[in-house]
Amino acid sequence: MPNATNRQWKLAARPTGLITPDVLQLTESPVPTINDGQALARVKFLSIDPTMRVWMADIPQYMPPVQLGEVMRAFGLAEILESRHPDYKKGDKVMGLTGLQEFALITGKESRAFQKLPSIPFLSDTNFLGTLGINGLTAYFGLLEIGKPQAGETLVVSAAAGATGSIAGQIGKIHGCRVVGIAGSDEKCKWITDDLGFDAAINYKLPDWKEKLVAATPNGVDINFENVGGPIMQAVLDRMNLHGRVVLCGLISGYTRQDPALASFGQVLIKRLRVEGFIILDYTSKFMDAGQQLGMWKMMGKLKDKQTILKGLDKAPEAINMLFDGSNIGKLLIEL
Ligand SMILES: NC(=O)c1ccc[n+]([C@@H]2O[C@H](COP(=O)([O-])OP(=O)(O)OC[C@H]3O[C@@H](n4cnc5c(N)ncnc54)[C@H](OP(=O)(O)O)[C@@H]3O)[C@@H](O)[C@H]2O)c1
């Protein structure tokens, strides 16, 4: 690709709250030329994930923080343009840590982190960044391995109209649970009840949401699929039954500000709750089987999803902030 330019978002400053204009810097550099053992891919879609905000912070975490000056880490879906790598040929579609940029160089070492996309009828490629990718797998393992749902139990899911929560709730329904979702708008609540089959949904932005949570969980809560933290986690913990399970998937309300909810953790002791944190990477050896199951449910119409797609790499900082004000519904993606 002689003379072509690669636009890249680099981490320029560590954020203290939301992404402000100084945090990410849009730069241009020549598209790399490939050597033996390398491939060049054009990024088609970028997955915008709350963990990106965590990766920007210099705090202990499950992967090294992104360093200042580095291309911002992001998952993406890309197409191989040129290859001198034995595993890839021109036209292959791959998924992996492309970074927030237009072109990704796949070297021998990194290639283990890029998977070729299977071509499956009726499934769009972008499903592999959401329902059949990190979000679906997170919902699947978090709920089934930690939540261990039993028919008739009550499951509460927070960020329930998001990429992960919407799938966790539907897997709960498949397993016979009463599923209550908590989400930030009436539109989201309507989607998860009317289209996804949740038994009840609570808009936590309305003043009486705590009373509604109590009314929607008359038998208490057996499983909390926790995506948010803060006052939402507090309210759900207060409804937990004896020997309930808390699937600690994420605490998004604390990614951009301090979270006072940890005070409620006394409930964990008093009610002998099982609280287990997890990172989806713990389950990589089981991804294939889970992916097949998710794909099957999707093709049978048992898993439905939505995507919010922004156009253009320029939108990256705005897109990351959308995760924190809830202006995405379903999986948030950028199309390049
Ligand atoms: N453990 C793992 O391996 C793993 C893997 C993937 C994701 N996660 C976690 O799962 C959670 C969901 O991630 P996702 O990728 O599926 O994102 P998402 O749910 O599609 O988007 C984030 C949603 O969180 C809600 N939210 C943001 N700030 C909030 C606040 N202060 N209070 C209440 N709700 C808030 C917003 O919806 P509303 O309109 O409802 O507010 C927003 O749409 C995150 O905590 C993420 O870190 C964990």
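To start, this report covers the structure provided alongside it. (Residues numbered from 1 in each chain as written. Predicted model: local features only at pLDDT ≥ 70, side-chain atom pairs only at ≥ 80, totals over all residues. Heavy atoms only, no water.)

1. Here we look at the overall build of the protein
Each helix and strand counted, the protein has nine helices and 15 strands in total. The C-alpha atoms of the protein give 20 Å as radius of gyration, which agrees with the globular expectation for 336 residues (20 Å, within 12%). Dimensions of the protein, computed from the C-alpha atoms along their principal axes, are close to 65 × 45 × 35 Å. Relative to its full complement of 336 residues, the protein shows a buried share of 54%. Of all intrachain contacts in the protein linking residues separated by at least 6 positions in sequence, the fraction that spans at least 24 positions is 65%. (Helix = DSSP H or I, 4+ residues; strand = E, 2+ residues; numbered from the N terminus. Rg over C-alpha atoms; globule rule 2.2 N^0.38 Å. Buried < 20%, exposed > 50% of the residue type's maximum accessible area, 1.4 Å probe, protein only. Contact = heavy atoms within 4.5 Å.)

2. Remarks on the environment of Asn35
You can see Asn35 is positioned in the loop between strand 2 (24-30) and strand 3 (39-47). Under the relative-accessibility criterion, Asn35 is labelled partly exposed at 46%. Along the sequence, Asn35 and His85 sit 50 residues apart, while their C-alpha atoms lie 8.7 Å from each other.

3. Some points on helix 6 (residues 230-237)
At 3.6 residues per turn, the α-helix brings residues three or four places apart onto the same side. Of all eight residues that make up helix 6, six are buried, and the element is covered over most of its length. Looking at helix 6, one finds that the buried residues are Gly230, Ile232, Met233, Ala235, Val236 and Leu237.

4. Looking at the site of the ligand
Around the ligand sit 29 residues in total, of which Thr164, Lys188, Tyr204, Tyr255 and Asn328 are the nearest. Here Lys188 contributes a side-chain N or O atom positioned 2.6 Å from an oxygen atom of the ligand. Relative to its free-state accessible area of 910 Å², the ligand is covered by the protein chains to the extent of 92%. Breaking the shell around the ligand down by element, the ones donating at least two residues are helix 2 (134-147), helix 3 (163-174) and helix 9 (316-325). Taken together, the residues that form the shell around the ligand break down as 16 nonpolar, 11 polar and two charged. (Near = heavy atom within 4 Å. Polar contact = N/O pair within 3.5 Å; in protein donor to acceptor, adjacent residues only side chain to side chain. Areas by Shrake-Rupley, 256 points an atom, 1.4 Å probe, with all protein chains shown as cover. Nonpolar A, V, L, I, M, F, W, Y, C, P; charged D, E, K, R; others polar.)

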